[in-house]
Structure formats: structure tokens, C-alpha cells
Amino acid sequence: MSDHPVLHVKGRVLVGPDDVRDELWVVGGRISYERPGGARDLRTVEGWALPGLVDAHCHVGLDAHGPVPADVSEKQALTDRDAGTLLVRDAGSPSDTRWVDDREDLPKIIRAGRHIARTRRYIRNYAHEIEPEDLVAYVAQEARRGDGWVKLVGDWLDRGTGDLGACWPRDAVEAAIAEAHRLGARVTAHCFAEDSLRDLVEAGIDCVEHATGLTEDTVPLFAEHGVAIVPTLVNIATFPRLAAGGDAKFPRWSAHMRRLHERRYDTVRAAYDAGIPVYVGTDAGGSLAHGLVAGEVAELVTAGIPPVEALSATTWGARRWLGRPGLDEGAPADLVVYDGDPRADVRVLAAPRRVVLNGRVVG
């Protein structure tokens, strides 16, 4: 790391929402709040600095058809990086992206292994598709392969009923989540609808993705158990288009998807008001483009979450939740610099002035 240039970041350094400093230094790729002596190869970056943004639901190595080659994965990761996303929780991917860890110019990835779904109850080529009796074994496998997370598919279209339906019986998810926790992994689940949520929460799940099916009955349950949600509102915006495509064959499903979409902002605001932790995730890498993190923060604000809290959901709070440092003394220098104060207007996130990753200016 000795060949890293010394950076002087000055202006407004947002170490926390209320902890604002005038400057920081980057020495050997790490953050310091002490001016280094005799610095050479010095570069100055000015503006409003934030910890590198977090996309807590992103899929590097995946597109709408399944796994992609390494060169496509690289482009995905670079697109996220240039948008200011420097930490990704990869919420399920069939691709092996461990090679990214050796690249100082690419975002850091926290992997959840490969999705685990019920047979013929998810997108083709994405998941391990299994039956309930095998769920514990597959959860254990992915807990060992991942970086402290496992991803279940909690509900999906049931062709028998023509509507969204829960994928797993209660006893299966209880045993599977217990096994993940025994192995030191947290568990999250894709859930659009209502009827899988109570079983998952009471079984001990740690997070739910999308969570569009939250109701006045399950919001207090999530709050009581401290279960986080990642709403992926930029993805939920696609529900009307998806519903239109299913009108002829699955009209119940289409109508359900439209209802979930119509109440999406009320759902997220109710969750936030109840004290449920809410984090930023885009669901990039399936059918959605990468680099949408600023749009997701703006969507949370539209839903009624205060701007500083929406900002925390992709910076200070999100990093704390994932166990990764922010702009702490000695931490890797992963930060983004903007022209204006993002606490006053989160839309400035869409135009980073500089991106610094592992102490180097990369964008």
C-alpha cells in the first residue's frame, strides 16, 4: 500500500449525520485525521465527503437470463463504483465473483451465496431449486460459501393458484434459519406478498427484501423482532409492466402486483414510522441496470423517510448494519465527494465529483 498517493480531502467531511469535520487525509490507502509530515505526491480533493455508498441488494454476475461472464460482471461493478457505490451486499448470484476481491479498483462485495428457491418457483438459471426436506443442507452450504448471509426465495408465483404464494412450510424455515445462525450467517428472503412474512419473522429471519406485502398486522411484528427491510423501490416501480405481461394467463397475480405497487410508499413509510430498519438496495443485475443507488435514496425520500435517514440507509447506518467501517480513523479510504450537501438534497448523490476507493481517486 506504500505506493498510494497522499490525498487531502477538505471542505465538509460527513463522518456522521452530525459529525462534520473540515478535512481528512488518506495515507497508505487509509483514513487519518492527523496531517502527515513530509507528504509527497500530494493531491487535494474538495467538496462534501461521504462514506462510500452501500447498495444492500445488488447482483454482480447476474442478468435477466442467469450468470454472466467475468467481463460483464466487471462492467456491472464499475458502473456501481462510478455511481458512488463502494460496498455491495450481493443478494444472491450463481456466479463466482471472488476474483473481485483482488481488484483494488472494484467495490467490496458481501456475498449471500446463491439464491435458494422452491422447485420451479423462481427465475430460471438463478437459484438452487430444491424441496423443503433439502433446505437445511442447502442453507448450510451457502452459509459456508457466502460472507455471512444466506438468501432464500420466500414467495413466488404459484401456478396452481395463479397468485403469489409462500414457498416454504414453517418447520422448514425454522430449521434452516437456525442452522444458518449456528454457522454465523444471517438470513434474508425475497418476499413480495403477505402470507410468508409472519412465518419467516417468527422463525428468526434477519432481513426481508422488497417487503411490499407488509400490513398493519405484520409491521409491528417486524419492529418487535428487529427485522430489517430493503424495499428496492426502483425495482417495485416495474410492477405495473410485469403485471401487464401476466394479465392473460395469471390475472390474480397481476392484480395483486398492482395493489402492492399502488401502496408501496405507504408500506415503506409505515415500516419506518414503526421503527423497522430500512436500507437502500436497487436489485440491480437481474432485469435492472446497475448504478441506480441515488435513485433508490430519492425514492425513500418520496416515500416519506426524512432525507438524513434515507442518506444513512446507504451510508453510516448501512455500513454499521453490515459491519463495515465508514470514515473512521485507520479505515480503508472508501469515500465519495459531492459538490453540495447531500443532507439538504439527496439528489446530489446522482453526480459524484470524485470517487475514492482504497485510497485512490478512481472516478
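Structure report, in brief. (Residues numbered from 1 in each chain as written. Predicted model: local features only at pLDDT ≥ 70, side-chain atom pairs only at ≥ 80, totals over all residues. Heavy atoms only, no water.)

1. Considerations on the sheet that holds strand β8 (residues 85-90)
Selection criterion: In short, DSSP must find at least two bridges between two strands for them to pair. To qualify as a helix, a DSSP run of H or I must reach at least 4 residues; to qualify as a strand, a run of E must reach at least 2; elements of each kind are numbered from the N terminus. What counts as an axis is a line fitted to C-alpha atoms, over the stretch in contact for a helix, and the angles between N-to-C directions run from 0 to 180 degrees.
The sheet built from 3 strands is open, its strands ordered β5-β8-β9 with parallel pairing. With partners counted over all chains shown, the strands left at the sheet margins are β5 (53-58) and β9 (108-111), one partner each. Adjacent strand axes in the sheet meet at a mean angle of 20 degrees when their direction is disregarded. With 4 bridges joining them, β5 and β8 adopt parallel strand pairing.

2. Focus on the packing of aromatic side chains
Rules: Under the pairing criterion, centres of Phe, Tyr and Trp rings, with the six-membered ring standing for Trp, must be within 6.5 Å; the plane angle then separates stacked pairs below 30 degrees from edge-to-face pairs above 60, leaving the rest tilted. Each residue gets one of three labels from its accessible area relative to the maximum for its type: buried under 20%, exposed over 50%, partly exposed in between, using a 1.4 Å probe on protein chains only.
In the structure shown here, the tally under the stated rule is 6 aromatic pairs. Between F192 and F239 the ring centres are 4.8 Å apart and the planes differ by 75 degrees, which places this aromatic pair in the edge-to-face class. In this pair, F192 is assigned in the loop between β15 (186-191) and α4 (197-202) and F239 in helix α7 (residues 239-246), connecting sequence segments 47 residues apart. Classification of F192 by relative accessible area gives buried; the value is 7%.

3. Quick look at the state of the cysteines
Inclusion rule: Cysteine sulfur atoms that come within 2.5 Å of each other are treated as a disulfide pair.
Following the criterion strictly, the structure yields 0 disulfides and no others. No disulfide involves C191; its nearest neighbouring cysteine sulfur is the one of C167, lying 8.4 Å away. The class for C191 is buried, based on a relative accessible area of 0%. Summary of cysteine pairing: C207 is not part of a disulfide, and the nearest cysteine sulfur, belonging to C191, is at 9.8 Å.

4. Details of the sheet that holds strand β2 (residues 20-27)
Here we have 7 strands laid out as an open sheet, ordered β3-β2-β1-β4-β18-β19-β20, and mixed in their pairing. Two strands close off the open sheet at either side, each with one partner strand: β3 (30-32) and β20 (360-361). In this structure, β2 lies alongside β3, joined through 3 bridges in antiparallel fashion. Each residue of the ladder has a partner; that of W25, found in β3, is S32.

5. Section: the environment of E131
This is how it is decided: Nitrogen and oxygen atoms within 3.5 Å of one another constitute a polar contact, given that in protein one can donate a hydrogen and the other can accept it, and given that sequence-neighbouring residues count only through two side-chain atoms.
Structurally, the position occupied by E131 is in the loop between β11 (128-130) and α2 (135-145). We classify E131 as partly exposed; its relative accessible area is 28%. Sequence spacing of E131 and I116 is 15 residues, and the spatial spacing of their C-alpha atoms is 9.9 Å. Of note is the side chain of E131, whose polar atom sits 3.1 Å from the side chain of R118.

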